[in-house]
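Observations on the three-dimensional arrangement
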Amino acid sequence: MITKPKGTYDILPEDAVKWEKLENLIKKVCALYNYQEIRTPIFESYEVFHRDQKDSSDMVNKETYDFLDRSDRKMTLRPEGTAGVMRAYIENKLYVDNPTCKLFYVGPMFRYERP
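Source: prediction; values computed, not measured.

Section: the sheet that holds strand β3 (residues 66–68)
Across the sheet, 3 strands lie side by side as β2-β4-β3; this open sheet has antiparallel pairing. The open sheet has two edge strands, β2 (43–45) and β3, and neither has a second partner. Neighbour-to-neighbour, the strand axes of this sheet turn through a mean angle of 35°, independent of strand direction. Looking at chain direction, β3 and strand β4 (residues 74–77) are connected through 3 bridges and run antiparallel.

Details of the packing of aromatic side chains
Overall, the coordinates contain 3 aromatic pairs when judged by the stated rule. Each ring, one from Y89 and one from Y95, has its centre 5.8 Å from the other, and the planes form 55°; the classification is tilted. Note on Y89: relative accessible area 15%, which makes it buried. Over the face of the ring belonging to Y46 we find K74, whose NZ or CZ atom lies 4.1 Å from the ring centre.

Structural notes on the layout of surface pockets
Size it by volume and the second largest pocket reaches roughly 200 Å³. Forming the walls of the second largest pocket are 14 residues, and the residues nearest its centre are E37, R39, R78, V106 and G107. Among the residues making up the lining of the second largest pocket, the classes are represented as 6 nonpolar, 3 polar and 5 charged.

Examining helix α1 (residues 13–32)
In this model α1 runs 29 Å from its N-terminal to its C-terminal C-alpha over 20 residues, within 8% of the 28 Å that 1.5 Å per residue would give. With its phi angle positive at about 65°, N34 sits one or two positions after the end of α1.

Regarding the pattern of salt bridges
Enumeration according to the criterion identifies 6 salt bridges in this entry. Between E37 and K27 there is a salt bridge, and its shortest N-O distance comes to 3.8 Å. Of this pair, E37 sits in strand β1 (residues 36–37) while K27 is found in helix α1, placing the two residues 10 residues apart along the sequence. Overall, K27 belongs to the partly exposed group, its relative accessible area being 28%. Residues joined in a network through salt bridges with shared partners are K27, E37 and R39.

A few points about the side chain of E80
Within the fold, E80 resides in the loop between β4 and α4 (82–91). Among the polar contacts made by the side chain of E80, one reaches the main-chain amide nitrogen of T82 at a distance of 2.6 Å. Within the structure, E80 has its side chain in polar contact with the backbone nitrogen of A83 (distance 3.2 Å).

Quick notes on unusual backbone geometry
A positive phi angle, near 65°, is found at N34, a position not held by glycine. In this fold, N34 is placed in the loop between α1 and β1. Even without being glycine, K93 reaches a positive phi, approximately 55°.

Here's the deal with α4
Buried residues of α4: A83, G84, V85, A88 and Y89, and no others. Tucked into the core, α4 has its buried residues touching β2, α2 (46–49) and β5 (103–104). Immediately beyond the C-terminal end of α4, within one or two residues, lies K93, with a positive phi of roughly 55°.

Criteria and cut-off values
Residues numbered from 1 in each chain as written. Predicted model: local features only at pLDDT ≥ 70, side-chain atom pairs only at ≥ 80, totals over all residues. Heavy atoms only, no water. Pairing = 2+ DSSP bridges. Helix = DSSP H or I, 4+ residues; strand = E, 2+ residues; numbered from the N terminus. Axes fitted to C-alpha atoms, helices over the stretch in contact; angles between N-to-C directions. Phe/Tyr/Trp six-rings, centres within 6.5 Å; stacked < 30°, edge-to-face > 60°. Buried < 20%, exposed > 50% of the residue type's maximum accessible area, 1.4 Å probe, protein only. Lys NZ or Arg CZ within 6 Å of the ring centre and 35° of its normal. 1 Å grid on protein atoms, 1.4 Å probe; cavity = no way out; pocket = protein on both sides within 12 Å on 5 of 7 lines; lining within 4 Å. Points joined across faces, edges and corners; volume = space filled by probe spheres on them. Nonpolar A, V, L, I, M, F, W, Y, C, P; charged D, E, K, R; others polar. Expected span 1.5 Å × (residues − 1). Salt bridge = Lys/Arg side-chain N within 4 Å of Asp/Glu carboxyl O. Polar contact = N/O pair within 3.5 Å; in protein donor to acceptor, adjacent residues only side chain to side chain. Contact = heavy atoms within 4.5 Å.

Quick look at the structure:
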């Protein structure tokens, strides 16, 4: 029998409705406080999450899903949102128009162990 990968879970139909309500509530509260939603890729370049050994956490060193893409570039499924948001903030120069913009994100994160 094929089972879901370690560190993942299924959101079944009865729970999906609850998740959608919660996400909508979060979005409404964030809008009240002028937070804007940002969506980053589900996978990023390996270097977004992996720095040199002494700067990396156990989560990065032991719990990420890393793979090579078809061009042999090292990629990582996002284990958390902050690093990808910072990459997007810098790459897209969001600091130019509003250096203190407030952002929020909702989406799947992938870790080998349940956080």
